[in-house]
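Descriptive analysis of the structure
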Amino acid sequence: MINDFNFVQPSSVAEALEALSTNDGVQALAGGTNVMVNMKRAPLQTECLIDLSKLDELKTICEDDDCIRLGAGVTISELLNWKPGGVVERLMQPMCHAFAGPLIRNLATVGGNVCDTSAAADLSPVLLALNASVELQSASQGSRMLDLRDFFQGVRKTALRKDELLTAITFARPDDDARCFYYKLGKRKADAISIVSIAMILKLDKDIVSASSIGLGAVAPVALRAVAAENTLKGAALNDDTISAAAEAAVSDSSPIDDFRAGGDYRRQMVEVLVKKGLNAIKDA
Amino acid sequence: MNKKTLNFSLNGLAESIEVTPRTRLLDALRNKLGLTGTKEGCGTGDCGSCTVLLDGKAVNSCMVAALQVEGCEVTTIEGVGKPGDLHPVQQAMVQEGGIQCGFCTPGMVMSLKSLFDEESNPNEEAVRVAISSNLCRCTGYTKIIEAARALGAGEVDAKTAINKDGALGSSMTRMDAEEKVTGRAIYAEDVQLPRMIHGVVLRSPYAHAKILSFDSSEAERLPGVKAIVSAADTDMDYFGYELHDYRVFAVDKVRFRGEPVAAVAATTIDIARHAASKIKVEYEELPAVFDPEAAMADDAPLLHDDCNAYALDWETERSGNLCYQMKVDDGDIEKGFAEADEIVEAEYETPEAHPGSIEPHSSTAMMDANGRITVWTTTQKPFAFRGFLAKALKRPISTFKIIPTQIGGGFGGKLFPCLEPYAALLAERADLPVQMTLTREEEMYGTLLRHPSKVKLKTGVKNDGTLVAHSVRMLFNTGAYGLYGPNTSALASLMATGPYRIPNVSITGLVAYTNNVPCGSVRCPGGPQMAFAVEAHIDKIARCIDMDPLALRLKNAWEDGDYTCSGQKLESVSIKECLQKAADAIDWDKPRQPGEGKGIAANWWVSGTWGTQSLIESNEDGTFRLITGTVDMGPGGLTSSVLQLAAEGLGVPVDSITLVQGDTDTMPWDHGTGGSRMTFTIGKSAYEAAEDIKRQLLEEAANDLEASVNDLELVKDRVQVCGDPASHVLLSKLCYQRHKKHGGPMVGVSSVLDDPVPTTKKHPIGGFPAPSFCAHAVELSVDESTGEIDLKRYVAVHDVGNAINPVGCEGQIEGGVAMGLGMALMEEIREEEGRVMNPGFADYLLLTAEDMPPTQSILVEQPAVEGPFGIKGVGEPPIAPPTGAVANALIDAIDVDVARLPLTPEEVSARIRIRQS
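Conventions used here
Residues numbered from 1 in each chain as written. Chains lettered and ligands numbered in written order. Predicted model: local features only at pLDDT ≥ 70, side-chain atom pairs only at ≥ 80, totals over all residues. Heavy atoms only, no water. Contact = heavy atoms within 4.5 Å. Buried area = accessible area lost by both parts, 1.4 Å probe. Salt bridge = Lys/Arg side-chain N within 4 Å of Asp/Glu carboxyl O. Helix = DSSP H or I, 4+ residues; strand = E, 2+ residues; numbered from the N terminus. Buried < 20%, exposed > 50% of the residue type's maximum accessible area, 1.4 Å probe, protein only. Domains from an automatic or database assignment. Polar contact = N/O pair within 3.5 Å; in protein donor to acceptor, adjacent residues only side chain to side chain. Disulfide = S-S within 2.5 Å. Pairing = 2+ DSSP bridges. Axes fitted to C-alpha atoms, helices over the stretch in contact; angles between N-to-C directions. Phe/Tyr/Trp six-rings, centres within 6.5 Å; stacked < 30°, edge-to-face > 60°. Parallel < 35°, antiparallel > 145°, perpendicular 65-115°, else oblique. Left-handed = near helix turned anticlockwise from the far one by under 90°. Nonpolar A, V, L, I, M, F, W, Y, C, P; charged D, E, K, R; others polar. pLDDT = per-residue confidence, 0-100. Lys, Arg positive; Asp, Glu negative; His and termini not counted.

**Digging into the interface of chain A and chain B**
Think of interface size as the accessible area that goes away when the parts come together; that is how it is often given. Facing 52 residues of chain A, the contacting portion of chain B comprises 59 residues. For chain A, the biggest contributors to the area lost against chain B are Leu103(A), Arg188(A) and Phe260(A); these three give 17% of the whole. The interface formed by chain A and chain B holds 4 salt bridges in total. Between Asp790(B) and Lys189(A) there is a salt bridge whose closest N-O contact spans 2.6 Å.

Right, here's the structure in full:
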């Protein structure tokens, strides 16, 4: 039968962590763009819904010269209006614009998008390319940092423990001379679920790639880094041969499924196409 | 339930209500506070019809838990403006004609308000982005974007925003604009009755299965359950359109996933759903067939034991899963092919598509003390629904009273009862009012869809471009039930030559049962399917003989005196004018950049007829009421053009006529809304009724003025002697006298039922009254690496005969273009083994405001020979040509063949790979 559950509105992160540790079945609620949709489809089975939307502590963006910390409660609209400059802005702006539509951007949060663990979550490729870490807190064990790659563990599965809350995303600010590329391929211009999305950051020493990070979305059970492609690029001159090799390597990094949104073959082709598109754009920039 | 007090500010006033943790903000507003201007189109954040402002930011209220707004400020449409005191955004929407069915309108207004609260003159891109979460199925966004532009440019005037000039040809403001733009209009789910309970349908989880047993005893015992109905306890008959093969509950076996098996009513929707899950139905799965070709094979699993047992209004030979077939021949096809220099063959496929109204189906039923059942519902055909219910449930027609509510978009999706029978049965069983609303997910398999098509074309052409032979094989997959399959095939056969003169034609139409969701009559049934096949084929022929596609069309386009394949002699043919205007507007002759292309496509369609009756009654103060049994599903033909025609017939200002919206007990009979008939048929009827009452007024006045009727004229509010305005009598006096003398009003009546259009050949439909013609052109670019299409601009030229309300015509065209572009680019119900894989607006994609290209509507007015004032229908036609126009622009841009819709990036990539191999 349809159970009753509590609604808790903590006034601090500490209170939220306390609520997480003292209740058995707990569902965190922030922007509601995932939880409320699931509730529409089937009655929510939980003991307690914890509303995080009032926690100002989670809504701050802290930045200094080296490091950036995005509070988990920052909305996508706030991210869109944020002007950090450099590579971060050049990746975040197009990603945020491509993120659902304005109504959802006004509600959806950074933490919610990451915790949803959809392979097609729009934020993931950008955060992966930025080498982001997640900050996880619990009442009993305090705070720990985890590489985002390790946070994503499988289809709808994360490293988040039952009593933990994802409180922030952190990453180092890329060098000013780093170059980047973002692309989301969907079936329409607004409010689309990505078929393939890609974010890449490259560091070039003359035309030699000294560092690269490529985040891919919707081409595997979880969003991932195209490690083989990055390895192909490392130390190589960014020319047509390297670009082709890296694009092929990125295909081997991905393992897309066939579904009604797109075929696996098409997704693989698009990984190759978009990696080439990105690297060519970076080369010519 | 765990109730809590919620304190917040609502539309500027403090509010305190009790809600539970499960209550969404949307539910709190609609159900607790009665603010029904905020609509629920999907409940999953994909349509924007529930948009409110939360602390000034536009959000989906379906995605906010009510308790989250504690201490916040919430603004709903009711707090924005009211009739007579509209907010500037609302004034702009009214002024520019941005309102049609009105269901998305409150959400749209909220998003625009939020934009204008930030910026006083946003650019077009900002406007498109701001409303890109708000889906609109009616308008194609064009007039809404124009409203925002006008507001930003300071061109909105509170005094003149509402245009009450009802002269024919004036873009008068539709009568329901203010109630819709302020969220006051009442739609089916807004109906609230005391003691109302909620119902759900239990549906088949299998595509094809025997029902072995049915046990609802556990469900019946659950607290809160009030009624359960199923085939076992319902006296049912077959019903349908032409083909009567459907019953309200599956009997002995189920034929598609989603077929109704039982219905449950309980005090809450959650209890009803839970109870439905506790009904034990044992099934034995049967082999199923999903492909219509495979379904016609001798050894295919049989859906219906004997399809010949079902009543069908038309003659046909049926067998196995082939539920209808037809053949139309003209000339000598073999001789034609022998004369041809080239023969071009290809096959074209279109997918299952959804009507896509933003308003879901919703019905509320209540039984009265005499056992009569009243049903409030969202329907295009109130009287037909009364008949459907009577036939389906074997009751006298007088058992049912249908009260049509505002329709939040129809598009053919509201032509067939999908909740009414269950709501009626449950209300009767429970003796309580029952409301049922489809979830968006159920919408995708619990209603009728557009027929998927496979069309094989073989066309003979001479080197000079003369089309000489055309062989067509159309196969429609009707799903588990025939319903509208025969009619779709018959209509499509009339489109099979396009608007082109081809002397030798052979057309075969086949309709096959499969274990898919059944299909119905969606806006312009058969039209977009055939426009894709025929128009893409014309371009293929043009390439084959190296001729300009426009020139090929113009060479073969119908002219006055040509005949259709059914042998209808055509008059007032404007196809060449439409083609030329579309070509000129898209700069057809200018060279294309690499990766860019232009496409053109033409079509023709019916102006509906069928019977109707209109009444105009006088009020004792000299004003009038127009009473018709028809309903406006959004376009506004009824609330503008029909009134304009009535005013014209009477000679009075349009605002002295009130449109009466009633029910099937009180309204004169009408066939229903569809077939592009509103202005053509209802308008004609209203005009004639107006003439009738005007005659009576003049006779009454003749007495008063002691003059001959022939010397009198009706001018605005009076009848006067021609040439002697001083000798006059006011309508108010005439009407008052009449009411006093005769104890009642004057009544003008008109019944319209046109004669069938003569044809030389036997054809199930025959001919179209006042056929209309159109041509569309599009310019686009293609990214060959990804297959993405970017629409640059769009032109739609329509011969409307006589634009009674030009802004209404344009709105219809722009909305049709958006719907057609959706079919061309992204709309597709994906069924796998009969399961709809994309049941919702997140994955069944409608164009957003960011996708809609700048669109120019061009009206051609070549009057029809028949009908009032030369009017031709414009409701359905605009949806057909976009499928062909986009396909042809793609062919032009990157030299690929097209074979199927939609032209998603993946499909375009596949065509490029085929070209490369």
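**Focus on the side chain of Glu779(B)**
All names here are of chain B. Mapped onto the fold, Glu779 is located in strand β32 (residues 772–783). Residue class for Glu779 comes out buried when judged on its relative accessible area of 14%. Contacts of Glu779, omitting those with residues within four sequence positions, involve Ile586, Glu596, Gly597, Lys598, Asp790, Leu791, Lys792 and Arg793.

**Details of the domain arrangement of chain B**
All names here are of chain B. Each assigned domain of chain B is listed with its residue range as follows: domain 1 (4–79), domain 2 (88–185), domain 3 (197–286 + 361–437), domain 4 (453–608 + 761–916) and domain 5 (612–752). Taken together, the 8 residues of domain 2 in the interface contact 5 residues of domain 3. Carbon and sulfur atoms make up 67% of the surface buried where domain 2 meets domain 3, a total of about 420 Å² over both sides. Counting across the domain 2 and domain 3 interface gives 0 salt bridges. Our count for the contact surface shared by domain 2 and domain 3 stands at 0 residue pairs in polar contact (both at pLDDT 80 or more).

**Remarks on the state of the cysteines**
Residue and element names in this part refer to chain B. Counting across every chain of the model gives 0 disulfides over all chains. Of all cysteine sulfurs, the one in Cys722 lies closest to Cys735, which takes part in no disulfide; the gap is 19 Å. The exposure class assigned to Cys735 is buried, which follows from its relative accessible area of 0%. Considering cysteine sulfurs only, Cys578 is the nearest to Cys809, which forms no disulfide, with 13 Å between them.

**Overview of the sheet that holds strand β14 (residues 224–225) of chain A**
Residue and element names in this part refer to chain A. Taken in spatial order, the 4 strands make up an open sheet running β11-β12-β13-β14, and their pairing is antiparallel. A strand with exactly one partner marks an edge of an open sheet, and here the two such strands are β11 (179–185) and β14. Where β11 lies against strand β12 (residues 196–205), 7 bridges are found, and the strand directions are antiparallel. Across the sheet, residue Phe181 finds its bridge partner in β12, namely Met200. Of the strands in this sheet, β11, β12 and β13 (208–217) are in contact with helix α11 (residues 264–284), which crosses β12 at around 35°.

**Observations regarding the packing of aromatic side chains**
All names here are of chain B. A full pass over the atoms with the stated rule returns 24 aromatic pairs over all chains. Measuring from ring centre to ring centre gives 6.2 Å for Tyr241 and Phe388, while their planes differ by 85°; the resulting arrangement is edge-to-face. Taken together, the residues Tyr241 in the loop between β9 (239–240) and β10 (243–246) and Phe388 in helix α11 (residues 382–392) connect sequence positions 147 residues apart. Across the pair, Phe388 and Tyr241 agree in class, each one buried. Note on Tyr687 and Phe869: the rings are 4.9 Å apart at their centroids and 85° apart in plane angle, and the pair reads as edge-to-face. Here the residue Tyr687 occupies a position in helix α19 (residues 678–705), and Phe869 occupies one in the loop between β36 (855–860) and α22 (881–894), the gap between them amounting to 182 residues.

**As for helix α14 (residues 485–495) of chain B**
When you tally the buried positions in α14(B), you get 11 out of 11 residues, the bulk of the element. Where α14(B) is concerned, the buried positions are Gly485(B), Pro486(B), Asn487(B), Thr488(B), Ser489(B), Ala490(B), Leu491(B), Ala492(B), Ser493(B), Leu494(B) and Met495(B).

**Things to note about the pattern of salt bridges**
All names here are of chain B. Per the counting criterion, the structure on display carries 74 salt bridges over all chains. The salt bridge involving Arg149 is made with Glu155; its shortest N-O contact spans 2.8 Å. A relative accessible area of 37% means that Arg149 is categorised as partly exposed. Residue Arg553 is joined to Glu535 by a salt bridge in which the shortest nitrogen-to-oxygen separation is 2.7 Å. Residue Arg553 is located in helix α16 (residues 549–556), and its partner Glu535 is located in helix α15 (residues 527–544); the two are separated by 18 residues in the primary sequence. Of the two residues examined, Arg553 and Glu535, each falls in the buried class.

**Quick notes on helix α1 (residues 25–32) of chain B**
Residue and element names in this part refer to chain B. Counted residue by residue, α1 has 6 buried out of 8 residues, so it is predominantly covered. Every buried residue of α1 is accounted for by Leu25, Leu26, Asp27, Ala28, Leu29 and Arg30. Residues of α1 that are buried make contact with β1 (4–10), β2 (13–19) and β3 (51–54). Trailing α1 by a residue or two, Gly34 shows a phi angle of about 70°, which is positive.

**Thoughts on the sheet that holds strand β2 (residues 26–29) of chain A**
All names here are of chain A. Within the open sheet, the 3 strands sit side by side as β1-β3-β2. Their pairing is parallel. A single partner strand is all that each edge strand has here, and the edge strands are β1 (6–8) and β2. Each adjacent strand pair in this sheet contributes to an overall mean axis angle of 20°, direction not counted. Sheet topology note: the β2/strand β3 (residues 48–51) ladder contains 4 bridges and is parallel. Bridge pairing in β3 places Leu29 opposite Asp51. In the packing of helix α1 (residues 13–22) onto the sheet, contacts are made with β1, β2 and β3, and the angle to β3 comes to roughly 165°.

**Observations regarding the packing of helix α21 (residues 806–825) of chain B against α22(B)**
Residues and elements named next belong to chain B. Between α21 and α22, the least distance of the axes is 7 Å, while the angle of their chain directions is 50°. Of the possible angle classes, the one that applies to α21 and α22 is oblique. Seen along the crossing, α21 lies across α22 with a hand that is right-handed. Contacts from Gly816, Val817, Gly820, Leu821, Met823, Ala824 and Leu825 of α21 reach α22 at Pro882, Thr883 and Val886. Residues of the contact of α21 with α22, tallied by class, amount to 7 nonpolar, 3 polar and no charged.

**Notes on the confidence of the model for chain B**
With 100% of its residues at a pLDDT of 70 or more, chain B shows a mean pLDDT of 97. Reported confidences for the modelled complex are a pTM of 0.98 and an ipTM of 0.97.

**Quick word on the side chain of Glu443(B)**
Residue and element names in this part refer to chain B. As for its placement among the helices and strands, Glu443 is situated in helix α13 (residues 440–443). Despite its burial, Glu443 remains without a salt bridge, the nearest opposite charge being carried by Arg440 at 4.2 Å. With sequence-adjacent residues up to four places away left out, Glu443 is seen in contact with His354, Pro360, His361 and Leu438.

**A few points about the pairing of strand β30 (residues 724–730) of chain B**
All names here are of chain B. Across 4 bridges, the pairing between strand β29 (residues 718–721) and β30 is antiparallel. From the neighbouring strand, Gln720 faces β30, where its bridge partner is His728. Between β29 and the antiparallel strand that follows it, β30, lie 2 residues; Gly723 among them carries a positive phi value of about 80°.

**A closer look at the packing of α15(B) against α16(B)**
Residue and element names in this part refer to chain B. For the pair α15 and α16, interaxial distance at closest approach is 9 Å and the crossing angle is 110°. In terms of axis orientation, α15 runs roughly perpendicular to α16. On α16, the residues touching Glu535, Ile538, Asp539, Ile541 and Ala542 of α15 are Pro549, Leu552 and Arg553. Here the residues of the contact of α15 with α16 sort into 5 nonpolar, no polar and 3 charged.

**Some details on unusual backbone geometry**
Residues Leu901(B) and Pro902(B) are joined by a peptide bond in cis, for which omega reads -5°. Examined against the element boundaries, Pro902(B) turns out to sit in the loop between α22 and α23 (905–916). Positive phi, close to 55°, is recorded for Arg156(A), a residue that is not glycine. Despite not being glycine, Ala770(B) has its phi angle at roughly 40°, a positive value. With respect to the element layout, Ala770(B) can be found in the loop between β31 (747–752) and β32. By relative accessible area, which is 1% here, Ala770(B) ends up buried.

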